[in-house]
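Overview (structure and organization)
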Amino acid sequence: MRWAVLGFCLVAAAAILGGCLRGSGQDGGKIVLRVADWGGASDDDEFNRVNREVYAKFERMHPGVKLKIEHIPGSQEYVFKLLAQHVAGTAPDVVFLDASSSAAFINNGVVTDLTPLMRADPKFDPDIFFPNVYDIAKRGDKVYALPGNFTPMVVYYNKRVFREHGVPYPQEGWTWGDFLRTCKALSDPARDRYGFYFVNWMPGWITWIWQNGGDVLSPDGTRATGYLNGPRSVEAVQFFTDLVTKYRVAPTISESAATGTNLFQSGEAAMEISGHWAIVGYKAGETEKFRFADLGVVGLPRHRERVTVMYESGPAITRQCRHPKMAWEFIKYFSGAEVQDKLCGSGLAIAAVRSVAEARRDTSSLEPVFLNEIQYARAPWGAKVEGYAYVEDVGRDAIERIMIGKVPVQKALDDAARKIDHKLFGLAGR
């Protein structure tokens, strides 16, 4: 049984939205394209400023078109509102899909297959994109979104802390054993100094499971039992929770919460796992013990497999779009080399256009590491499994039970797998 994302609450919300969001698609004789993205309308950071410039240029390129940008803050609010608009028949013309939740839009028919538009456009070449990024929104031969920008997850490290402890910087191809030894050499729990800053955020820690050859769901995405609680997954979760509970090379969840700060950026932890987006915050958030010039980056430590996860977003056209040909021109423009070069100049992400990403290889010592990790990057489950956010919530709770409640790893994952199978897939517990 599929996750019921279009239940009673969406129908109720649709009834509320239905009367106020319909429009003729015309404004003073101009075609109006409604474009939905996430974020507050009052945001004024560099990325949003560049976005506004990009939108304004498209309007100049197409004098008969007006873009109506609809900001929806919050990832879950974004999904909920757009699904409700789809039910009400008031969906925007263009939406941006986040790989972490794109299945909700693809599986429910909110967005349309782009291949007819692609085939009719002799100027469009899908080979400009990284293949594994382009494939995120594919279902067989059908393509439901173009890739915009993305990031693999990596390990950031503070070179200053490494130098102070006389510990060599982590190297390409390092292993779990290397990682643990490095963490131990950098840690002094009595002084609240740690080798690693662990955050209980499943999108960030699922890679430990993948690296050990495990997974949270079956290959077809229809069951958690036997996978999330399988031996490879249990072994991986035991390893990374031991970093906190056994080896004390990472702060506890409560210790991290008590500080109210990012312990990596405060210089209290030597390493953390994050994506390209973190660079923007690192540049703006320097402290006495953390300088951007001391920032290093390396691929995730490998174990049985070399793998990381990538998070991506890109534009799609809704099935209710009133001007599909102009919407195609917009999403092709937005995913093209010129726009992606401009947007990714902020450092927030990597352009899915290979030539643009490669051109930035020499812009900093960090960029080659990210580019090297792309070959090992895998899409998140939310790109394929509708309602996957529930899996992430249950996974987070399981880690809290292990770390705080001292529940054995096998028991916590057994319970989590049964809960996911019952709620998400309608399977009886066994």
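It should be noted that the structure appears before, not after, this text.
Helix and strand content of the protein chain: 18 helices and 13 strands. A globule of 430 residues ought to have a C-alpha radius of gyration of about 22 Å, and the protein chain, at 22 Å, matches this closely. Taking all 430 residues of the protein chain together, 54% fall into the buried category. By sequence separation, contacts in the protein chain at least 24 residues apart represent 78% of the contacts at least 6 residues apart.

The next subject is the nonpolar core. Core analysis: the largest hydrophobic core is formed by 78 residues, its most contacted members being Phe 105, Val 111, Tyr 156 and Phe 330. Among the elements that make up this core, the one with the highest residue count is helix α13 (residues 324–334) (seven residues). Residues within four places of Val 111 in sequence aside, it is in contact with Val 95, Leu 97, Phe 105, Ile 106, Tyr 144, Ala 316, Ile 317, Thr 318 and Arg 319. Residues Phe 179, Leu 228, Trp 381 and Phe 425 belong to the second largest nonpolar core, which totals 60 residues.

Inspection of the secondary structure puts Ala 250 in the loop between α10 (231–245) and α11 (253–259). Remark: the alpha-carbon pair of Ala 250 and Ala 36, spanning 214 residues in sequence, is separated by 39 Å. In contact with Ala 250, not counting residues within four places along its chain, are Tyr 194, Phe 196, Phe 198, Leu 243 and Val 244.

Let us look at the pattern of salt bridges. On inspection of all chains with the given rule, the structure shows 27 salt bridges. Put simply, Asp 294 and Arg 163 hold a salt bridge, and the shortest N to O gap is 3.0 Å. Placement of the pair is Asp 294 in the loop between α12 (278–284) and β10 (295–298) and Arg 163 in helix α7 (residues 159–165), with a sequence separation of 131 residues. With its nearest N and O atoms 3.4 Å apart, the salt bridge here joins Glu 268 to Lys 289. Pair noted here: Glu 268 is in the loop between α11 and β9 (271–274) and Lys 289 is in the loop between α12 and β10, with a separation of 21 residues, a long-range link. Residues participating in the shared-partner salt-bridge network are Arg 401, Lys 411, Asp 415 and Arg 418.

Strand order in the open sheet formed by three strands is β9-β8-β10, with antiparallel pairing between adjacent strands. Edge positions in the sheet fall to β9 and β10, since each of these pairs with one other strand and no more. Averaged over all neighbouring strand pairs, the angle between strand axes comes to 30 degrees, with direction disregarded. Relative to β10, strand β8 (residues 154–158) runs antiparallel, the two being bridged by four bridges. Paired with Tyr 156 across the strands is Val 297, a residue of β10.

So, on to the side chain of Arg 34. Position of Arg 34 among the secondary structure elements: in strand β2 (residues 30–38). Within the local environment of Arg 34, its side chain forms a polar contact with the side chain of Glu 70, the two groups lying 2.5 Å apart.

Glancing now at a nonpolar patch on the surface. Among the surface-exposed residues, Val 199, Trp 201 and Trp 277 lie close enough to one another that they form a single nonpolar patch of about 280 Å² accessible area. Structurally, Trp 201 can be placed in the loop between α8 (176–186) and α9 (202–211).

This part covers unusual backbone geometry. Across the chain, the bulk of peptide bonds are trans and the bulk of non-glycine residues have phi less than zero. Of note in this structure, Asp 192 is not a glycine but carries a positive phi near 55 degrees. Within the fold, Asp 192 resides in the loop between α8 and α9. Even without a glycine there, the phi angle at Arg 248 is positive, about 60 degrees. Tracing the backbone through its elements, the reader meets Arg 248 in the loop between α10 and α11. Take Arg 248: its relative accessible area is 24%, and that puts it in the partly exposed class.

Right, let's talk about the packing of aromatic side chains for a bit. The tally for this structure, following the rule as stated, stands at 31 aromatic pairs. When the ring of Phe 58 is compared with that of Tyr 333, the centres are 5.3 Å apart and the planes differ by 45 degrees; the resulting orientation is tilted. One end of the pair, Phe 58, is in helix α2 (residues 46–61); the other, Tyr 333, is in helix α13, and 275 residues separate them in sequence. The pair Phe 58 / Tyr 333 is uniform in exposure class, with both members buried. The rings of Trp 174, Trp 176, Phe 179, Phe 196, Phe 198, Trp 205, Trp 208, Phe 239 and Phe 240 are connected pair by pair, giving a single aromatic cluster. Directly above the ring of Tyr 376 sits Arg 306, whose terminal nitrogen or CZ lies 4.1 Å from the centroid.

About the cut-offs
Residues numbered from 1 in each chain as written. Predicted model: local features only at pLDDT ≥ 70, side-chain atom pairs only at ≥ 80, totals over all residues. Heavy atoms only, no water. Helix = DSSP H or I, 4+ residues; strand = E, 2+ residues; numbered from the N terminus. Rg over C-alpha atoms; globule rule 2.2 N^0.38 Å. Buried < 20%, exposed > 50% of the residue type's maximum accessible area, 1.4 Å probe, protein only. Contact = heavy atoms within 4.5 Å. Core = buried A, V, L, I, M, F, W, Y, C linked by side-chain atoms within 4.5 Å. Salt bridge = Lys/Arg side-chain N within 4 Å of Asp/Glu carboxyl O. Pairing = 2+ DSSP bridges. Axes fitted to C-alpha atoms, helices over the stretch in contact; angles between N-to-C directions. Polar contact = N/O pair within 3.5 Å; in protein donor to acceptor, adjacent residues only side chain to side chain. Patch = residues over 30% accessible without salt bridge, like charges linked within 9 Å, V, L, I, M, F, W, Y side chains within 5 Å. Areas by Shrake-Rupley, 256 points an atom, 1.4 Å probe, with all protein chains shown as cover. Phe/Tyr/Trp six-rings, centres within 6.5 Å; stacked < 30°, edge-to-face > 60°. Lys NZ or Arg CZ within 6 Å of the ring centre and 35° of its normal.

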